[in-house]
Amino acid sequence: MNVQHHKLSVHSCAVTSGTQRELISLHFGSAEHGKKVYIQSALHADEIPGMLVAHYLRQSLTALDAAGQISAEIVLVPVANPIGLAQEVYGTAIGRFDLANGINFNRGYHYLTPPLIAALEGKLGNSADVNVQTIRAEALAALQRWQPKSESEQMKKTLQTLAIDADVVLDLHCDNQAVMHLYTGTQLLPATLPLAARLGVQALLVCSASGDNPFDESCSRHWWELA
Ligand SMILES: [Zn+2]
């Protein structure tokens, strides 16, 4: 396992002078095998079930990695929102919205389709595999051009950058009271049904564009829009 630390208080993004926060990503396996899986939990901070899943996943993946049994690259971010996790006001955890501006931590990611259409002009050919690599490289470049104006935006940029070239992205949330449910892009439904069945979901919600650029759609939406 390789552990990477990503500073969130860069340049003008620091909330308070002298403070520093970071995201931690855990990397298993190798990119040489082709497929990449990205899993994060608790984007709304106080979502403990996802963190618990990540805790056990980390143990299993560490053992499998040591035994050379991971035939993919797997990136795990158990605590996707350290900013929200620190937002405890008078004993109450407030993890859904950034107290600095009221913006949902799962909104405001970078919508990649417009810059990709411009950047890909004349660059795509007949090979789907080569096109995928080209699109991923341009998506990464578009994210690198993003100039965050706050610590939260820096966090969103970091999460999206870690996930943007993955074949599978899983974003683990929870609710106060809910049965097991799953959201996905309408176009991803066929690929998602086996996972939904294994999880025993009682509700499966689909949408092509649910608005304001949530994390999951910001990793997937440009693929069907470009297609
Ligand atoms: Zn959530």
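What you are looking at is a predicted structure, and each value in this text was computed from that prediction instead of being measured. (Residues numbered from 1 in each chain as written. Predicted model: local features only at pLDDT ≥ 70, side-chain atom pairs only at ≥ 80, totals over all residues. Heavy atoms only, no water.)

(A) Main features of empty space enclosed by the protein. Tallying each qualifying case throughout the model produces 1 cavity of 30 Å³ or more. The computed volume of the largest cavity comes to approximately 30 Å³. His110, Tyr111, Leu112, Thr113, Glu217, Ser218, Arg221 and His222 together form the lining of the largest cavity. It is helix H7 (residues 215-226) that provides the largest number of residues to the lining of the largest cavity, a total of 4 residues. Considering only residue class, the lining of the largest cavity consists of 2 nonpolar, 4 polar and 2 charged. (1 Å grid on protein atoms, 1.4 Å probe; cavity = no way out; pocket = protein on both sides within 12 Å on 5 of 7 lines; lining within 4 Å. Points joined across faces, edges and corners; volume = space filled by probe spheres on them. Helix = DSSP H or I, 4+ residues; strand = E, 2+ residues; numbered from the N terminus. Nonpolar A, V, L, I, M, F, W, Y, C, P; charged D, E, K, R; others polar.)

(B) Broad picture of the nonpolar core. Counting 17 residues, the largest nonpolar core has Leu23, Tyr38, Leu43, Val77, Met155, Leu159 and Phe215 as the members making the most contacts within it. For this core, the elements supplying multiple residues, two or more each, are strand E4 (73-77), helix H5 (151-163) and H7. The element best represented in this core is H5, accounting for 4 residues. Those residues in contact with Met155 that lie beyond four places of it in its chain are Leu8, Leu23, Ala80, Asn81, Pro82, Ile83 and Phe105. Among the nonpolar cores identified, the runner-up in size contains 9 residues, and Ile135, Ala139, Leu143 and Ile164 belong to it. (Core = buried A, V, L, I, M, F, W, Y, C linked by side-chain atoms within 4.5 Å. Buried < 20%, exposed > 50% of the residue type's maximum accessible area, 1.4 Å probe, protein only. Contact = heavy atoms within 4.5 Å.)

(C) Structural view of the side chain of Thr192. Mapped onto the fold, Thr192 is located in helix H6 (residues 189-199). For Thr192, a relative accessible area of 11% gives the class buried. At 3.3 Å, the side chain of Thr192 and the side chain of Thr184 are in polar contact. In this view, Thr192 contacts Leu182 and Thr184; residues no more than four positions away in its chain are not counted. (Polar contact = N/O pair within 3.5 Å; in protein donor to acceptor, adjacent residues only side chain to side chain.)

(D) Seen up close, unusual backbone geometry. Within the chain, Ala45 stands out as a residue other than glycine whose phi angle is a positive 70°. Assignment of secondary structure puts Ala45 in the loop between strand E3 (36-41) and helix H1 (48-66). Owing to a relative accessible area of 1%, Ala45 belongs among the buried residues under this scheme. A positive phi angle, close to 65°, is found at Asp212, a residue other than glycine. Within the secondary structure layout, Asp212 lies in the loop between strand E9 (203-207) and H7. Given a relative accessible area of 62%, Asp212 falls into the exposed group.

(E) Representation of the sheet that holds strand E2 (residues 22-29). Pairing within the open sheet is mixed, and its 5 strands lie in the order E1-E2-E4-E3-E7. Each edge of the open sheet is held by one strand with a lone partner, namely strand E1 (2-7) and strand E7 (168-172). Strand-to-strand, the axes of this sheet are offset by a mean angle of 15°, without reference to chain direction. (Pairing = 2+ DSSP bridges. Axes fitted to C-alpha atoms, helices over the stretch in contact; angles between N-to-C directions.)

(F) A look at the side chain of Gln160. Here Gln160 shows up in helix H5. When neighbours within four sequence positions are excluded, Gln160 is seen to be in contact with Tyr109, His110, Leu112, Leu143, Trp146, Phe215, Ser218 and Cys219.

(G) Looking closely at the packing of aromatic side chains. By the definition in use, this model includes 2 aromatic pairs. Their ring planes at 40° and their centres at 6.0 Å tell us that Tyr38 and Phe215 sit as a pair that is tilted. Separated by 177 residues along the polypeptide, Tyr38 in strand E3 and Phe215 in helix H7 bring together distant segments of the chain. By relative accessible area, Tyr38 is classed as buried at 0%. Ring centres of Tyr109 and Phe215 lie 5.5 Å apart, and the angle between their planes is 75°; on these two criteria the pair is classed as edge-to-face. Residue Tyr109 is found in the loop between strand E6 (92-93) and helix H3 (113-119), and its partner Phe215 is found in helix H7; the two are separated by 106 residues along the sequence. The same class applies to Tyr109 as to Phe215, namely buried. Three or more aromatic residues joined by ring pairs form one cluster here, namely Tyr38, Tyr109 and Phe215. (Phe/Tyr/Trp six-rings, centres within 6.5 Å; stacked < 30°, edge-to-face > 60°.)

(H) Representation of the packing of helix H4 (residues 128-145) against H7 in the model. Look at H4 against H7: their axes get within 12 Å of each other, and the N-to-C directions meet at 130°. By the angle between their axes, H4 is oblique relative to H7. The element H4 and its partner H7 pack so that their crossing is right-handed. Note on element contacts: H7 touches H4 through His222, Trp223 and Leu226, opposite Val132, Ile135 and Arg136. (Parallel < 35°, antiparallel > 145°, perpendicular 65-115°, else oblique. Left-handed = near helix turned anticlockwise from the far one by under 90°.)

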